[in-house]
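# Coordinate analysis (summary)
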Amino acid sequence: MGAFMVRPTVPLLSKDRIRDTALELIDAEGLSALSMRRLAGELGVQAASLYSHVPNKDAVLDAVADLLMRRVDTTGFAVSWQHGLRTWGRSYRDALRAHPNAAPVVAAGTGERADFLSMADGVHGGLLRHGWPPRYATMIAASVKYLVIGASTTPFGSGFADDTRVYLDRYPSLIQAHLIREHAEEIDVESFELALSCLIAGLEPVHLSVRRDQSIES
């Protein structure tokens, strides 16, 4: 009788599987729930098994951040800096809104995260190609990031009670506040769009001034 292979009872580990399981755990229970021991338990292995694929928890978080950044679109800068900021900001927000518990991982910064650095390079380079000086490009990228992180982690509607009696007597200017929760998603989307549009509109005269100064200097 010929020999045959026995199928392993535990799926083989890989960096991608470790990363994806970590993100699932963060989504379900929050960032504080993630530890190498807990992650190993979710994967059905001993914690020591993880270290042949990833050196530590920080490397797992880097992989999670890079995965989210792959979903962010920086191609709009090929059209214009305004279009670039809109498509980048919206896709950045969408990536974090899908995984709000992971937003602090992204907010921590680029570090040596390859996909994160690639995204940052696409944004910075796109702004430079449209005539923004490096200092302005850095500040503009930071400004959009502030909008995105805030919009992704602090839904506006979550701060209001849905009981009109809370506001009726003491806060007359907020007598419609009990309706906010019902329209929370709409408010969040439109508020982000308003903030992003106002930022871009405010930058347009600055861009003209910068380009004029560059022209004079040359």
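In this text the structure is predicted, and so the values were computed from the model without any measurement.

### Notes on the environment of Glu182
Along the chain, Glu182 turns up in the loop between α9 (165–168) and α10 (184–217). Look at Glu182 and you get exposed, because its relative accessible area is 62%. Sequence-wise, Glu182 and Gln82 are 100 residues apart; in three dimensions their C-alpha atoms are separated by 32 Å.

### As for the packing of helix α1 (residues 15–29) against helix α4 (residues 57–69)
Any two packed helices are characterised by the angle at which their axes cross and by the distance between the axes. One can describe the packing of α1 onto α4 by two numbers: an axis separation of 9 Å at closest approach and a directional angle of 85 degrees. Here α1 lies roughly perpendicular to α4, going by the angle between them. Packed against α1, whose contacting residues are Ile18, Arg19, Asp20, Ala22, Leu23 and Ile26, the element α4 presents Val60, Leu61, Ala63, Val64, Leu67 and Leu68 at the interface.

### Section: the nonpolar core
As a rule of thumb, soluble globular proteins bury nonpolar side chains together. Counting residues in each nonpolar core, the largest one holds 50 residues, and the members touching the most others are Leu50, Met69, Leu85, Trp88, Tyr92, Leu96 and Leu127. Elements supplying a minimum of two residues to this core: α1, α2 (36–43), α4, α5 (81–97), α6 (103–107), α7 (114–129), α8 (134–153) and α10. In terms of residues, this core owes the most to one element, α4, which gives seven residues. Split by domain, the residues of this core number at least three in each of domain 1 (15–65) and domain 2 (71–217). Dropping the residues within four chain positions of it, Trp88 is found in contact with Val72, Asp73, Thr74, Phe77, Met119, Val123, Ala141, Val144 and Lys145.

### What about the packing of aromatic side chains?
In this structure the tally under the stated criterion is three aromatic pairs. Ring plane angle 90 degrees and centroid distance 5.3 Å describe the contact between Trp81 and Trp132, whose orientation is recorded as edge-to-face. In this pair, Trp81 is assigned in helix α5 and Trp132 in the loop between α7 and α8, connecting sequence segments 51 residues apart. Of the two residues examined, Trp81 and Trp132, each falls in the buried class. Judged by centre distance (5.6 Å) and plane angle (35 degrees), the ring pair of Trp88 and Tyr92 falls under tilted. On the criterion of helical spacing, the pair formed by Trp88 and Tyr92 is a turn pair, its members being four residues apart in helix α5. What makes Tyr92 buried here is its relative accessible area of 1%.

### Concerning the UniProt feature "domain: HTH tetR-type" (unreviewed entry) in the protein
UniProt marks residues 12–72 with the feature "domain: HTH tetR-type" (unreviewed entry), using the numbering shown here. The span residues 12–72 is 66% helix and 0% strand, and its two end C-alpha atoms sit 29 Å from each other.

### Structural notes on the pattern of salt bridges
A complete count under the given rule lists 10 salt bridges for this structure. Close ionic contact of Asp188 with Arg97 constitutes a salt bridge, the shortest N to O distance being 3.7 Å. Note that Asp188 is positioned in helix α10 and Arg97 in helix α5, a separation of 91 residues in sequence. By relative accessible area, which is 23% here, Arg97 ends up partly exposed.

Definitions and cut-offs
Residues numbered from 1 in each chain as written. Predicted model: local features only at pLDDT ≥ 70, side-chain atom pairs only at ≥ 80, totals over all residues. Heavy atoms only, no water. Helix = DSSP H or I, 4+ residues; strand = E, 2+ residues; numbered from the N terminus. Buried < 20%, exposed > 50% of the residue type's maximum accessible area, 1.4 Å probe, protein only. Axes fitted to C-alpha atoms, helices over the stretch in contact; angles between N-to-C directions. Parallel < 35°, antiparallel > 145°, perpendicular 65-115°, else oblique. Contact = heavy atoms within 4.5 Å. Core = buried A, V, L, I, M, F, W, Y, C linked by side-chain atoms within 4.5 Å. Domains from an automatic or database assignment. Phe/Tyr/Trp six-rings, centres within 6.5 Å; stacked < 30°, edge-to-face > 60°. UniProt positions renumbered as here; feature names shortened; annotations may be inferred. Salt bridge = Lys/Arg side-chain N within 4 Å of Asp/Glu carboxyl O.

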